[in-house]
Amino acid sequence: MTLVAGVDSSTQSCKVVIRDAASGRLVRQGRASHRDGTEIDPANWWAALTAAVEQAGGLDDVGAISIGGQQHGMVCLDETGAVVRPALLWNDTRSAQAATDLVAELGPQAWVDAAGSVPLAAFTVTKLRWLAEHEPEHAARTVAVCLPHDWLSWKLSGSTDLATLATDRSDASGTGYFDPVTNSYRRDLLVRALGHDAQLPRIAGPTEVIGALGRTLIGPGAGDNAAAAFGLQAGDSTVISLGTSGTVFASSSRRPNDPAGLVAGFADLEGQFLPLVCTLNAARVLDATAAMIGVDLAEFSRLALAAEPGAAGLTLVPYLDGERTPNLPDSTGAVHGLTVANASPQNLARAAVEGMLSGLAGGVDALIAQAVAVPSVLLIGGAAQSESVRRIAPSVLGVPVFVPPPGEYVADGAARQAAWVLAASSPPPDWSGASGEVLRFDAPITPGLAERYAQAAQRYLPRMPRTAVDA
């Protein structure tokens, strides 16, 4: 039996899965936590990867490994390969003004034409502009720029040569200075942000070997959402992932064109595109509301299901950590429609679930506007294991919801890519037989809910500072 490894280096933790290369059967796995925060020393990722690999039994018997990782994070290296400053993560919104300025300089459509997306505070290009403006000494020391998964793959290979940095098109497409149509960097956009050119990871093909750790080959890896789609073998299905952030995405043969900035024109792992909508607020909306009520998540779910659909008119706008879609990085949450009659833990719990899902429903609508068909959705991520989320989702999204078994789909996608690298063949291995039962959930759409949330947003948004990309 030949083994492969896949890694998910996410915002909160590092997960490693070891699977049979032929069937995808899970053999063993490991996990280690990351330090919390929106900026972090990459050495923390390395320590977590090392610990997770050790917990998973090591790599001595593993033929190939690939790393999937959180997108957008800015990792700056000096001429020796040392990290210049802690990495700014995707959810660090200090670059919001930089994003506004960059969009204003070229215009939204020019950014879409050049890089597929309108840059928001999450994107690497905006963080580089912030660095140039606020820490010019660090910007001047920056000789190379890479992303979290690029840096980890490089570190794993043992190389200290910046010329050996490598990435894939899916992760590069989230930087804001990469064209996923030509599969090449837009160095003019990099220079516009950072103030000078820099070494960037070369773009490797999905089956290319980019390094080795002893006898273990290292594959190119991918951005987390592209890896999840590959791990799910989602095909043309639309996926909603509910983790720290919420994402809605689907593979497509055409790149979206959305100068409004709602849909990012990312690339997928296999050579197509991955139109994607991201919200900053997903599972943590449920965590925060459960803590406010004073219950654990199991009781929170029970309370939410005990309330009537629509939460008796209670509306929770879930912008607890600012928001990316709509582009409101300085926003906060809000509760509308609170009355003596509906002031109950049950209604607040239901409103939190409906509010979180309404943000994702807006993402579904945005994909549909870009000619992506959404007859149903695959629901994954930590919050997808909540019974209340599963049962309420169809009534908010308006389509059937399918929930696959719990899994580390980003790590699984990376492992499947590692198996593809090892086989050096086309098409990629079929691991569909390794998955368990997929559950289906249906429910009538809650009348008036979408309109109520749209009205809440209209009352809420005028109080926020205007941005270069209007919601």
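Residues numbered from 1 in each chain as written. Predicted model: local features only at pLDDT ≥ 70, side-chain atom pairs only at ≥ 80, totals over all residues. Heavy atoms only, no water.

A.B. asks: When you look at the sheet that holds strand β24 (residues 439-441) in this model, what are you seeing that I'm missing?
C.D. replies: Spatial strand order, β18-β19-β17-β16-β22-β23-β24: seven strands in an open sheet with mixed pairing. The sheet is open, and its two edges are formed by β18 (264-267) and β24, each paired on a single side. Between one strand axis and the next, the sheet turns by 30° as a mean value, whatever way the strands run. Inspection of the sheet shows strand β16 (residues 238-242) paired to strand β22 (residues 377-380) by four bridges, in the parallel sense. Across the sheet, Thr-238 pairs through a bridge with Val-377, a residue of β22. (Pairing = 2+ DSSP bridges. Helix = DSSP H or I, 4+ residues; strand = E, 2+ residues; numbered from the N terminus. Axes fitted to C-alpha atoms, helices over the stretch in contact; angles between N-to-C directions.)

A.B. asks: So what exactly am I meant to see when it comes to helix α2 (residues 96-106) here?
C.D. replies: Two residues of an α-helix separated by three or four positions point the same way, owing to the 3.6 residues in each turn. The set of residues buried in α2 consists of Ala-96, Ala-98, Ala-99, Leu-102 and Val-103. Along the axis of α2, the buried positions cluster into a sector of 160°, meaning they face one direction only. In α2, the exposed residues that point more than 90 degrees away from the buried face are Gln-97 and Ala-104. Against α3 (108-115), α4 (124-134) and α8 (187-194) lie the buried residues of α2. Following α2 by one or two positions, Gly-107 adopts a phi angle in the positive range, close to 95°. (Buried < 20%, exposed > 50% of the residue type's maximum accessible area, 1.4 Å probe, protein only. Arc of directions from axis to C-beta. Contact = heavy atoms within 4.5 Å.)

A.B. asks: Before we go on, may I ask you to explain helix α13 (residues 387-397) in this structure?
C.D. replies: Burial analysis of α13 places nine of its 11 residues in the buried class, the great majority of the element. Those residues of α13 that fall on the buried side of the exposure criterion are Ser-388, Val-389, Arg-390, Ile-392, Ala-393, Pro-394, Ser-395, Val-396 and Leu-397. Gly-398, located one to two residues past α13, shows a positive phi value of around 80°.

A.B. asks: Looking at this model, I keep getting lost on the side chain of His-34. Mind explaining?
C.D. replies: For His-34, the position within the fold is in the loop between β3 (26-33) and β4 (39-40). Residue contacts for His-34: discarding those within four places in its chain leaves Ser-9, Ser-10, Thr-11, Gln-12, Ser-13, Cys-14, Ile-40, Asn-44, Trp-45 and Ala-48.

A.B. asks: Could you clarify how one ought to interpret the pattern of salt bridges in this entry?
C.D. replies: Two side chains that carry opposite charge are able to pair once their charged atoms sit near each other. All chains considered together, the criterion is met by 22 salt bridges. Where Asp-188 meets Arg-186, a salt bridge forms, and the shortest distance between an N and an O atom there is 2.8 Å. Judged by its relative accessible area of 41%, Asp-188 is partly exposed. Among the ionic pairs, Asp-442 bridges to Arg-440, the shortest N-O distance being 2.7 Å. What you see here is one network of salt bridges that share partners, running through Glu-39, Arg-85, Asp-92, Arg-94 and Glu-135. (Salt bridge = Lys/Arg side-chain N within 4 Å of Asp/Glu carboxyl O.)

A.B. asks: What am I meant to see in the packing of helix α1 (residues 42-55) against helix α6 (residues 148-157) here?
C.D. replies: The description of two helices packed together rests on the angle between their axes and the distance between the axes. Interaxial distance between α1 and α6 falls to 10 Å at its minimum, and their mutual angle equals 60°. Of the possible angle classes, the one that applies to α1 and α6 is oblique. For α1 against α6, the interelement crossing comes out right-handed. Between α1 and α6, the contacting residues are Pro-42, Ala-43, Trp-45, Trp-46 and Leu-49 on the first element and Pro-148, Trp-151, Leu-152, Lys-155 and Leu-156 on the second. When grouped by side-chain class, the residues that make up the contact of α1 with α6 number nine nonpolar, no polar and one charged. (Parallel < 35°, antiparallel > 145°, perpendicular 65-115°, else oblique. Left-handed = near helix turned anticlockwise from the far one by under 90°. Nonpolar A, V, L, I, M, F, W, Y, C, P; charged D, E, K, R; others polar.)

A.B. asks: Explain the packing of aromatic side chains to me, please; I cannot follow it from the model alone.
C.D. replies: What describes a pair of aromatic rings is the distance from one ring centre to the other and the angle between the planes of the rings. One pass over the structure, following the stated rule, counts five aromatic pairs. Ring centres of Phe-123 and Phe-266 lie 5.9 Å apart, and the angle between their planes is 40°; on these two criteria the pair is classed as tilted. Within this pair, whereas Phe-123 is found in the loop between α3 and α4, its partner Phe-266 is found in strand β18, the two being separated by 143 residues in sequence. With 6.3 Å between their ring centres and 35° between their planes, Tyr-177 and Tyr-185 make a pair best called tilted. Accessibility classification places Tyr-177 together with Tyr-185 in one group, the buried group. Members of the aromatic cluster, connected to one another through ring pairs, are Tyr-177, Phe-178 and Tyr-185. Here the guanidinium or amino end of Arg-169 rests over the ring plane of Phe-273, the centre of that ring lying 5.6 Å away. Over the ring of Phe-230 we find Arg-416, and its NZ or CZ is 4.2 Å from the ring centre. (Phe/Tyr/Trp six-rings, centres within 6.5 Å; stacked < 30°, edge-to-face > 60°. Lys NZ or Arg CZ within 6 Å of the ring centre and 35° of its normal.)

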